[in-house]
Amino acid sequence: MNSIWKKLLLGRIWKRIYVERLGEPLIYNLASIFVMLFGSTRSKIEYDVMPRHASAYSILAAADHAKSYGIKRLALLEFGVAAGAGLMNMCWIAERVTKETGVEFDIIGFDSGEGMPPPRDYRDHPEHYFTGDYPPIDKAALLKALPPNAKIYYGPIEQTLKQAEREITSTIGFISIDVDYFFSTEQSLEVLTWQPERYLPAVPMYFDDVAYIDHNRFCGELLAIDAFNDTHDLRKIAPVNFLPKYRIFKNALWHGQIYYAHILDHEFRGVAYNTTKRPKIAVLTNPYLSNP
Ligand SMILES: C[S@@+](CC[C@H](N)C(=O)[O-])C[C@H]1O[C@@H](n2cnc3c(N)ncnc32)[C@H](O)[C@@H]1O
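Residues numbered from 1 in each chain as written. Predicted model: local features only at pLDDT ≥ 70, side-chain atom pairs only at ≥ 80, totals over all residues. Heavy atoms only, no water.

Visitor: When you look at the site of the ligand in this model, what are you seeing that I'm missing?
Guide: Around the ligand sit 22 residues in total, of which Arg-52, Gly-80, Asp-111, Asp-178 and Ser-184 are the nearest. In this structure, Gly-86 approaches the ligand through a main-chain N or O atom, which is 3.5 Å from an oxygen atom. In this structure, an oxygen atom belonging to the ligand sits 3.1 Å away from a main-chain N or O atom of Gly-115. Compared with its free state, where it exposes 600 Å², the ligand has 92% of that area covered by protein. Looking at the shell around the ligand element by element, the count peaks at three residues for helix α9 (residues 182-188). Tallied by class, the residues present in the shell around the ligand amount to 10 nonpolar, seven polar and five charged. (Near = heavy atom within 4 Å. Polar contact = N/O pair within 3.5 Å; in protein donor to acceptor, adjacent residues only side chain to side chain. Areas by Shrake-Rupley, 256 points an atom, 1.4 Å probe, with all protein chains shown as cover. Helix = DSSP H or I, 4+ residues; strand = E, 2+ residues; numbered from the N terminus. Nonpolar A, V, L, I, M, F, W, Y, C, P; charged D, E, K, R; others polar.)

This is how it looks when you write it as structure tokens:
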């Protein structure tokens, strides 16, 4: 049996569907069946029926954002690839989002190729993650299965990111962080220190390891976010405002795993650029005035 369908045999998956999905209004659940069968990629993402909702939401958001700035090609980065399910899912979504929006993608993974390196101290959550966890399983099969616009940098992130900085040519559009440890996340976040024009002005980010009940801002990915924000004046990582309120299905866990990296020194966020871009001033009407 295909392993995606096999997941439906797991109790925890049904518990999540029950808690996150079936308690939502019946009308939305019925509509989502129709959308799953006949909907466009955009409507499938709106109704959370594409696998790995967080990546689907982020890749479409990045493509829409890119289009509004006339950017035609984006890089989607995944830190922590392991057996490759997340990266292959990103390739699958990217192909569909290209058809929907016209924006093209490079999909780029980073991984040791040997599973988790040794944790350094309590900040890496050794009680959850440890040396050798999540090995690649079948690297050759994974590399063979990837489409031509995808690539994996194997080796310690600290080293491979320097090579990637020289080689990546498309605009950074989405960053998924799934390296579990504080120190690995801190090293991955170095990706946000390049020249400002290499990014979208605001880059959607997914942090996988912030959702356990005992993840906290003194350890792991949450600590790395705080440490990054404390040491970078013009690059800030912040959660998305009101995301559940804008979604059809509001109970999903993944909403709390989405952040944006704000590239505050990006030209597109500057006064000079926006002065030349503005065709005219914005005006608000007032319905209380009878003769405006
Ligand atoms: C949880 S797994 C990734 C799972 C994958 N994102 C998925 O969705 O299928 C974490 C991976 O991060 C990688 N990793 C953690 N720290 C690393 C480091 N400092 N350098 C390179 N790889 C690292 C490990 O090799 C491991 O495979």
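Having put the structure on the table, let's press on.
Visitor: Help me understand helix α5 (residues 53-68) in this model?
Guide: Three or four residues apart is the spacing at which side chains of an α-helix point the same way, because the helix has 3.6 residues per turn. Compared with an ideal rise of 1.5 Å per residue, which puts 16 residues at 22 Å, α5 spans 23 Å between its outermost C-alpha atoms and is within 8% of the ideal. After α5 finishes, the residue Gly-70 shows a positive phi value of roughly 75 degrees. (Expected span 1.5 Å × (residues − 1).)

Visitor: What exactly am I supposed to notice about the packing of aromatic side chains here?
Guide: Within a pair of aromatic rings, the relevant descriptors are the distance that separates the centres and the angle that separates the planes. One pass over the full model with this rule turns up 10 aromatic pairs. Here the guanidinium or amino end of Arg-120 rests over the ring plane of Phe-183, the centre of that ring lying 3.7 Å away. (Phe/Tyr/Trp six-rings, centres within 6.5 Å; stacked < 30°, edge-to-face > 60°. Lys NZ or Arg CZ within 6 Å of the ring centre and 35° of its normal.)

Visitor: Any chance you could explain the pairing of strand β2 (residues 104-111) here in plain terms?
Guide: Each regular strand carries side chains that alternate between the two faces of the sheet. Across the eight residues of β2, seven count as buried, placing the element largely inside the fold. Each parallel crossover has a hand, and for strand β1 (residues 73-79) linked through helix α6 (residues 85-101) to β2 it is right-handed. Relative to strand β3 (residues 150-154), β2 runs parallel, the two sharing five bridges. Each bridged residue has a counterpart across the sheet, and for Asp-111 the counterpart in β3 is Tyr-154. (Buried < 20%, exposed > 50% of the residue type's maximum accessible area, 1.4 Å probe, protein only. Right-handed = clockwise from strand over helix to strand, strands pointing away. Pairing = 2+ DSSP bridges.)

Visitor: Explain the packing of α5 against α6 to me, please; I cannot follow it from the model alone.
Guide: Any two packed helices are characterised by the angle at which their axes cross and by the distance between the axes. The geometry of α5 relative to α6 is characterised by a closest axis approach of 10 Å and an angle of 40 degrees between their N-to-C directions. As for how α5 packs across α6, the hand of that crossing is right-handed. Across from Ser-55, Ala-56, Ile-59, Leu-60, Ala-63, Asp-64 and Lys-67 in α5, the residues of α6 making contact are Asn-89, Met-90, Ile-93, Ala-94, Val-97 and Thr-101. (Axes fitted to C-alpha atoms, helices over the stretch in contact; angles between N-to-C directions. Left-handed = near helix turned anticlockwise from the far one by under 90°. Contact = heavy atoms within 4.5 Å.)

Visitor: It is not clear to me how the sheet that holds β2 should be interpreted in this structure. Could you clarify?
Guide: Neighbouring strands of a sheet are bound in pairs by backbone hydrogen bonds; such pairs are parallel or else antiparallel. Overall, mixed pairing links the seven strands, which are arranged β3-β2-β1-β4-β5-β7-β6 in an open sheet. If you trace the sheet from one side to the other, it starts and ends with β3 and β6 (235-239), each paired once. Each adjacent strand pair in this sheet contributes to an overall mean axis angle of 25 degrees, direction not counted. Judged from the five bridges that link them, strand β5 (residues 202-207) and strand β7 (residues 258-263) form a sheet pairing that is antiparallel.

Visitor: How should I be thinking about the nonpolar core in this particular structure?
Guide: In globular proteins that are soluble, nonpolar side chains generally tend to be buried together. Leu-77, Phe-79, Phe-105, Ile-175, Leu-192 and Met-205 are the most contacted members of the largest nonpolar core, which has 76 residues in total. The residues touching Ile-175, leaving out its near neighbours within four places in the chain, are Leu-77, Phe-79, Val-191, Leu-192, Val-203, Pro-204, Met-205 and Tyr-206. (Core = buried A, V, L, I, M, F, W, Y, C linked by side-chain atoms within 4.5 Å.)

Visitor: Explain the pattern of salt bridges here, please?
Guide: Proximity of charged atoms lets side chains of opposite charge pair with each other. By the definition in use, this model includes 11 salt bridges. Notably, a salt bridge pairs Arg-247 with Asp-48, separated by 2.8 Å at the nearest N-O pair. With Arg-247 in the loop between α11 (243-246) and β7 and Asp-48 in the loop between α4 (41-46) and α5, the pair connects residues that are 199 residues apart, well separated along the chain. When sorted by exposure, Arg-247 lands in the same class as Asp-48, which is buried. With its nearest N and O atoms 3.7 Å apart, the salt bridge here joins Lys-99 to Glu-95. Taken together, the residues Lys-99 and Glu-95, both in helix α6 and four residues apart, mark about one turn of the helix. (Salt bridge = Lys/Arg side-chain N within 4 Å of Asp/Glu carboxyl O.)

Visitor: Just checking my understanding: could you explain the pairing of β7 for this structure?
Guide: With five of six residues buried, β7 lies mostly within the body of the structure. Sheet topology places β6 next to β7; five bridges connect them, and they run antiparallel. In the strand pairing of β7, Lys-236 is matched with His-262.

Visitor: Help me out: how do you make sense of the side chain of Asp-124 in this one?
Guide: Tracing the backbone through its elements, the reader meets Asp-124 in the loop between β2 and α7 (139-145). Summary of buried charges: Asp-124 has no salt-bridge partner, and the nearest side chain of opposite charge, Arg-120, is 5.5 Å away. A polar contact is formed between the side chain of Asp-124 and the backbone nitrogen of Phe-182, at a distance of 3.0 Å. At 3.0 Å, the side chain of Asp-124 and the backbone nitrogen of Phe-183 are in polar contact. (Lys, Arg positive; Asp, Glu negative; His and termini not counted.)

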